[in-house]
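Spelled out from the first residue to the last, the chains are:
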Amino acid sequence: PFYLAVANLVLINAAVAVSLTLLIGTTGQLSLGHAAFFASGAYLSAHLTEARGWPVLLALPCAVLGTTLLAWAVGRLFLKLSGYYLAVATLGIGLLLGIVLRNEQQFSGGPDGMSVGPLEIGGHVLRGDAAWYWVLLVVLALVVGAALNLMRSPAGRALRALHDAEIAATTMGVDVRSYKVRIFVLSGAIAGLMGALYAHYVGFITPASASFVHSVQFLMMAVIGGIGSIGGAVLGAAIVTLLPNLLAGAAEFFGGLALIAGV
């Protein structure tokens, strides 16, 4: 069960890393607040199911829609900026959402977080790491497939042109602002979907999901595997997710050896 749980976290993080790779690897826009979209999807789905009594299959798409609207608003507002200015602006969104989640107890449960009900599909409650593994694997496969198709499409070529030569792309008739907003919204929507699934998988969500550290972890996953590489994003997610668990296991092993040696 432990290894399955870690594998499920890898699958969730990999999908978010792919969404961030689409943003950074195409338009070159750096986001330090991607955890805000992840947390938005998680909390919206949790609130709709727990506080409003909505069925999960209705709450999930509504949570993704709400996150999509948030990403659209942020994109329309801040994508005039670029480079470090955009990074700081998106970081501010993440910090602001974290403050809201910690203080609005009626919506989020406050600093202690809130419990989230299980995912129910067709009257069948999805329980256990093994069942979740196959669901998350299918979701990741769909996200990766969609990302690869996008990169090969004319829209993908236009997005890569923005990354390499924005002025030349503008001269060729590419609507720079529209493309930037669209890929930003798509990236945020995928993060929101994975956040909602994560909430129902874990069964509990806290404001830490919107933290700056969480955003940096997502960014590390996208960067370690190579910026712009879909497969690299999956590999980076595996490395960043597995490494703390491997180091924790090594620490316990060597700690046990030290105790034995001391005895």
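Scroll up to find the structure.
Parameters and conventions
Residues numbered from 1 in each chain as written. Predicted model: local features only at pLDDT ≥ 70, side-chain atom pairs only at ≥ 80, totals over all residues. Heavy atoms only, no water. Helix = DSSP H or I, 4+ residues; strand = E, 2+ residues; numbered from the N terminus. Buried < 20%, exposed > 50% of the residue type's maximum accessible area, 1.4 Å probe, protein only. Contact = heavy atoms within 4.5 Å. Areas by Shrake-Rupley, 256 points an atom, 1.4 Å probe, with all protein chains shown as cover. Phe/Tyr/Trp six-rings, centres within 6.5 Å; stacked < 30°, edge-to-face > 60°. Axes fitted to C-alpha atoms, helices over the stretch in contact; angles between N-to-C directions. Parallel < 35°, antiparallel > 145°, perpendicular 65-115°, else oblique. Left-handed = near helix turned anticlockwise from the far one by under 90°. Nonpolar A, V, L, I, M, F, W, Y, C, P; charged D, E, K, R; others polar.

Draft legend 1. Broad picture of the overall build of the chain. Summing up its helical and strand segments, the chain has eleven helices and four strands in all. Buried positions account for 46% of the 263 residues belonging to the chain. In the chain, the share of contacts with a sequence separation of at least 24, taken over all contacts with a separation of at least 6, comes to 77%. Entry remark: accessible area of the chain is about 12700 Å², with carbon and sulfur atoms responsible for 70%.

Draft legend 2. How the structure looks around the packing of aromatic side chains. Counting across every chain of the model gives six aromatic pairs. Pairing F2 with Y3 gives two aromatic rings, centres 5.4 Å apart and planes at 70°, and the pair type is edge-to-face. On the basis of relative accessibility, which here comes to 69%, the residue Y3 falls in the exposed class. Taken together, the ring pairs connect F38, Y198 and F218 into an aromatic cluster.

Draft legend 3. Summary view of the packing of helix α2 (residues 34-50) against helix α10 (residues 212-224). Here α2 crosses α10 at 110°, and the two axes come no closer than 7 Å. Viewed along their axes, α2 and α10 adopt a mutual orientation that is roughly perpendicular. Handedness of the α2/α10 crossing: right-handed. Across from H34, A35 and F38 in α2, the residues of α10 making contact are H214, S215 and F218. When grouped by side-chain class, the residues that make up the contact of α2 with α10 number three nonpolar, three polar and no charged.

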